[in-house]
Number of protein chains: 2
Amino acid sequence: MKNKYAIGVDIGGTNIKLGIISSLGKIIKKTMVDTMGEKGPDVVVSQLKKGISELIQKNNLNGRGKITGIGIGCAGTVNQEKGIVENPPNLAGWDRVPLGSIIRKEFGFNVFIDNDANAAALGEMHFGAGKKFKSFIMVTLGTGVGGGIISNRKIYRGDFGAAGEIGHSVIDFNGPKCNCGSFGCIEAYVGNHYLVKRIQGEMKSKTDTKIWDLINYDIEKLNPRVIDEAAQMGDEYAKSIIVQTGEYLGCALASIANILDISTFILGGGVAGFGEPLIKAAQRKAAERALIPLRKRIKVLPAKLKNDAGIQGSSALVFYRMDK
Amino acid sequence: MKNKYAIGVDIGGTNIKLGIISSLGKIIKKTMVDTMGEKGPDVVVSQLKKGISELIQKNNLNGRGKITGIGIGCAGTVNQEKGIVENPPNLAGWDRVPLGSIIRKEFGFNVFIDNDANAAALGEMHFGAGKKFKSFIMVTLGTGVGGGIISNRKIYRGDFGAAGEIGHSVIDFNGPKCNCGSFGCIEAYVGNHYLVKRIQGEMKSKTDTKIWDLINYDIEKLNPRVIDEAAQMGDEYAKSIIVQTGEYLGCALASIANILDISTFILGGGVAGFGEPLIKAAQRKAAERALIPLRKRIKVLPAKLKNDAGIQGSSALVFYRMDK
């Protein structure tokens, strides 16, 4: 695996991030271009080509090895066999864009596309917190709650490549309405927007929390980072929000562990920024609720890959395929 | 696969059922012995040997083919690699009994042991409602709620062979206490005892249901069969219990479908005797709550194997291994 490099591409709603990554996860070079998502798929594709060209031309591998492929991660449903991206929720006007063959033709590399949660899972498996685990579940806590299932060092994909939607596992069938159309999904408790909205509702009766100062008494400014900041200042209410978020999550993780007999969970994404108190509460609640043989084994861990997780994870799509 | 036969053994708390089954699922001969579980593992094992001997000696294959192995299904955790049965909940005093090697030594056949839910899943896959599905989830609705996950025609086992415990997926984290120690597991809603107990509580205020007549005004006599009988007589309350049971189940199935990207569910076991109304309610609720791409695909079906499902399923353990 020495001297192997891959290009990792993370297509986001605002930016496309790109990097040349070594098979050990080291970032050799990185760049970023505007997604220009509002201009439709053709413009996004040409932005993507521009970014890749730049990386390849200015690569500083200097004979240290060669690029073996391009990995692309993006939101939404991806037909990873055919390299087709279907309706990413953060990009307007996309309807089955054959990104794989377009990029392959342009650059002559093998191209591997997958959704961002699976890419994140592979990133942690190859370079991060999942290195030493046979199986684990990657949980991405952001606007949505995504998941990637690694079972026996392979991605578990299910019948149509859509497995791992753990954000839409129920914790209370009578719970709050979820964007997916159902009720009480874990996403409707711990997803960024839902969390903020619930706390905005509660804040009215919480006159003595430090959060009010931090948001300048403007409830619209509430976000997970502010809650975290207040918690770190010792604010009891803010701390309780984080613990509760972890406990909600733990309820879902226990269920998932029971179904899959996988006991390691790696938490990434923005809400995971709550850090240790979130992780601990999730771990405690999941271990409390899982079936007895699983309890001792339950492990909830923070993701190791941070700011560059997107491009590192996408590059892992290439290394993963090469390993097989 | 012609002229192949297997012995299927279903170890229950009261009886051990045994049969010689063809690779098409046909029962050639069957028998039954007392489990004598209260006398401990040694007696159970000798009962098991007695049953197998009887089957083999009196087998009427008459040169039509030969027995290729013995499949054994039992409750609880089974180390199927090593053929070890660990603490079956319905058999006292068992602690890691190496049933596989004991029976192999005695009879010289290959022996395959698995838990009863996986055996049921394989039975449906080989001989029943799962024949034409690439992937499906077997749901056994009895005292407990068990499950077997068939993904791409293989059993999904997870890390320690315990995957598929769908009875312990949560539908309400604040729900009723479950025997497993957690709260609001689907088993705590639709498992035989829980269902009966909940309805016993409700019955006090349901003075006009026909169920009272059927149980001779003795609330202790309530069981799912009586509820079904009342429903078939047109009793509205009894009908509503069945629909509600299906709806609870549907909530869990939607979650499971979202996690696994498997959309076919096959329901077996006693509570599945509620039949069509249960199936329909579960199907409707699961389709209503699953993620959009899954909704159209959700299928909830009754198991095809009935009274002999146990021995047929266990025999499928042999045919499954031979296919690989």
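Each value, and the rule that gives it
- Residues numbered from 1 in each chain as written.
- Chains lettered and ligands numbered in written order.
- Predicted model: local features only at pLDDT ≥ 70, side-chain atom pairs only at ≥ 80, totals over all residues.
- Heavy atoms only, no water.
- Buried < 20%, exposed > 50% of the residue type's maximum accessible area, 1.4 Å probe, protein only.
- Helix = DSSP H or I, 4+ residues; strand = E, 2+ residues; numbered from the N terminus.
- Pairing = 2+ DSSP bridges.
- pLDDT = per-residue confidence, 0-100.
- Polar contact = N/O pair within 3.5 Å; in protein donor to acceptor, adjacent residues only side chain to side chain.
- Contact = heavy atoms within 4.5 Å.
- Buried area = accessible area lost by both parts, 1.4 Å probe.
- Salt bridge = Lys/Arg side-chain N within 4 Å of Asp/Glu carboxyl O.
- Nonpolar A, V, L, I, M, F, W, Y, C, P; charged D, E, K, R; others polar.
- Least-squares fit on C-alpha atoms with pLDDT ≥ 70 in both.
- Expected span 1.5 Å × (residues − 1).
- Domains from an automatic or database assignment.
- Axes fitted to C-alpha atoms, helices over the stretch in contact; angles between N-to-C directions.
- 1 Å grid on protein atoms, 1.4 Å probe; cavity = no way out; pocket = protein on both sides within 12 Å on 5 of 7 lines; lining within 4 Å.
- Points joined across faces, edges and corners; volume = space filled by probe spheres on them.
- Phe/Tyr/Trp six-rings, centres within 6.5 Å; stacked < 30°, edge-to-face > 60°.
- Patch = residues over 30% accessible without salt bridge, like charges linked within 9 Å, V, L, I, M, F, W, Y side chains within 5 Å.
- Areas by Shrake-Rupley, 256 points an atom, 1.4 Å probe, with all protein chains shown as cover.
- Lys, Arg positive; Asp, Glu negative; His and termini not counted.
- Charge placed at Lys NZ, Arg CZ, Asp CG, Glu CD.

**Here we look at the pairing of strand β11 (residues 264–268) of chain B**
Residues and elements named next belong to chain B.
- Along β11, five of the five residues are buried, which leaves the element largely enclosed by surrounding structure.
- Burial along β11 is two-sided: the residues T264, I266 and G268 and F265 and L267 are all buried.
- Summarising the sheet, strand β8 (residues 136–141) and β11 pair through four bridges and their orientation is parallel. Note on β11: the bridge partner recorded for V139 is L267.
- Bridge analysis of β11 against strand β12 (residues 299–302) gives four bridges, and the strand direction is parallel. Paired with I266 across the bridge in β12 is L301.

**Here we look at the confidence of the model for chain A**
- For chain A, the average pLDDT comes to 93, and 98% of its residues sit at 70 or higher.
- At the level of chain-chain contacts, confidence expressed as ipTM amounts to 0.94, with global pTM at 0.94.

**Things to note about the side chain of D261 of chain A**
- Here D261 of chain A is to be found in the loop between α8 (236–260) and β11 (264–268).
- Among the polar contacts listed, one links the side chain of D261 of chain A to the side chain of R297 of chain A, at a separation of 3.5 Å.
- Here the side chain of D261 of chain A touches A162 of chain B through a polar contact of 2.9 Å, landing on its backbone nitrogen.
- Excluding anything up to four places from it in sequence, D261 of chain A contacts I256, L294 and R297 of chain A together with R157, G158, D159, F160, G161, A162 and A163 of chain B.

**Topic: the interface of chain B and chain A**
- With 39 residues of chain B in contact, the opposing surface of chain A contributes 39 residues.
- Carbon and sulfur atoms supply 53% of the area buried between chain B and chain A, which totals about 3,500 Å² over both sides.
- Looking at the side of chain B facing chain A, the largest losses of area belong to F173, I259 and R289 of chain B, adding up to 21% of the total buried there.
- Applying the counting criterion to the chain B and chain A interface returns zero salt bridges.
- If you look at where chain B meets chain A, you find 32 residue pairs in polar contact (both at pLDDT 80 or more).
- Those elements that place two or more of their residues in the side of chain B that touches chain A are β9 (145–151) and α8 (236–260) of chain B.
- Among the elements that make up the side of chain B that touches chain A, the one with the highest residue count is α8 of chain B (seven residues).
- Looking at the side of chain B that touches chain A, its residues break down into 19 nonpolar, 11 polar and nine charged.

**A closer look at the relation of the copies chain B and chain A**
- Between chain B and chain A, the superposition needs a rotation of 180 degrees and an axial shift of 0.0 Å, giving an RMSD of 0.0 Å. The transformation relating the two chain copies, once decomposed into turn and shift, fits a two-fold axis. When each C-alpha of chain B is compared by its distance to the rotation axis, D172 of chain B comes out closest, at 2.0 Å.
- Interface overlap between copies: 100% of the residues of chain B at the interface are likewise at the interface in chain A, consistent with a symmetric, same-surface contact.

**What about the pairing of strand β7 (residues 111–115) of chain A?**
Residues and elements named next belong to chain A.
- The element β7 is largely enclosed, with a buried count of five among its five residues.
- Residue alternation in β7 divides its side chains into two sets, V111, I113 and N115 and F112 and D114, and both sets are buried.
- Of the pairings in the sheet, the one linking strand β4 (residues 66–74) to β7 comprises five bridges and is parallel in character. Of the residues in β7, the one forming a bridge with I70 is V111.

**Quick notes on the environment of L55 of chain A**
All names here are of chain A.
- Relative to the helices and strands, L55 resides in helix α1 (residues 41–57).
- Sequence separation between L55 and L18 is 37 residues; the distance between their C-alpha atoms is 7.7 Å.
- Those residues in contact with L55, other than ones at most four positions away along the chain, are I7, L18, G19, I20, K29, K30 and T31.

**Re α1 of chain A**
- Its 17 residues give α1 of chain A an end-to-end C-alpha distance of 24 Å, which sits within 8% of 24 Å, the value for a rise of 1.5 Å per residue.
- Summarising the contacts, the buried residues of α1 of chain A are in contact with β1 (4–11), β2 (15–22), β3 (27–34), β4 and α2 (99–107) of chain A.

**Examining unusual backbone geometry**
Residues and elements named next belong to chain B.
- At R153, a position not held by glycine, the phi torsion is positive, near 65 degrees.
- Look at Y217: it is not a glycine, yet its phi comes out positive at around 60 degrees.
- Mapped onto the secondary structure, Y217 falls in the loop between α6 (211–214) and α7 (224–232).

**Re the domain arrangement of chain A**
Residues and elements named next belong to chain A.
- For chain A, the assigned domains are domain 1 (4–126 + 307–323) and domain 2 (132–302).
- Contacts between the two partners involve 11 residues from domain 1, matched on the other side by 14 residues from domain 2.
- Across the interface of domain 1 and domain 2, roughly 1,100 Å² is buried in total on both sides, 59% from carbon and sulfur atoms.
- Along the contact surface separating domain 1 from domain 2 lie one salt bridge.
- For D114, the salt bridge is made with R157, and the minimal N-O distance between the two is 2.8 Å.

**Regarding the sheet that holds β11 of chain A**
Residues and elements named next belong to chain A.
- Spatially, the five strands line up as an open sheet ordered β10-β9-β8-β11-β12, and their pairing is mixed. On the outer flanks of this sheet lie β10 (154–155) and β12 (299–302), each paired with one strand and no other.
- Here strand β9 (residues 145–151) pairs with β10 via two bridges, running antiparallel. Paired with S151 across the strands is K154, a residue of β10.
- Running over the sheet, helix α9 (residues 276–289) touches β8 (136–141), β11 and β12 and is turned about 165 degrees from β12.

**Notes on the layout of surface pockets**
All names here are of chain B.
- The space that makes up the second largest pocket amounts to roughly 220 Å³.
- Every residue along the wall of the second largest pocket is listed here: N192, N223, P224, R225, D228, G270, V271, G273 and F274.
- Here the lining of the second largest pocket takes three residues from α7, the largest share from any one element.
- Among the residues forming the lining of the second largest pocket, the class breakdown is three nonpolar, four polar and two charged.

**Some details on the side chain of S315 of chain B**
- As for its placement among the helices and strands, S315 of chain B is situated in helix α11 (residues 309–323).
- Non-local contacts of S315 of chain B, meaning those with residues more than four positions away in its chain, are made with A6, I7, G8, I21 and F127 of chain B.

**Structural notes on the packing of aromatic side chains**
- Applying the stated criterion across every chain yields a total of 11 aromatic pairs over all chains.
- Ring centres of Y189 of chain A and Y248 of chain A lie 4.7 Å apart, and the angle between their planes is 50 degrees; this geometry places the pair in the tilted category. In this pair, Y189 of chain A is assigned in helix α4 (residues 187–190) and Y248 of chain A in helix α8, connecting sequence segments 59 residues apart. With respect to class, Y189 of chain A is no different from Y248 of chain A; both count as buried.
- Measuring from centroid to centroid gives 6.0 Å for W212 of chain A and Y217 of chain A, while their planes differ by 10 degrees, and the two rings are stacked.
- An aromatic cluster is defined as three or more aromatic residues linked by ring pairs; in this entry it consists of F173 of chain A together with Y189 and Y248 of chain B.

**Here we look at a positive patch on the surface**
Residue and element names in this part refer to chain A.
- Residues K131, K132, K299 and K304 make up a contiguous surface patch of positive charge.
- Within the secondary structure, K132 is located in the loop between α3 (116–127) and β8.
- Note on K132: relative accessible area 70%, which makes it exposed.

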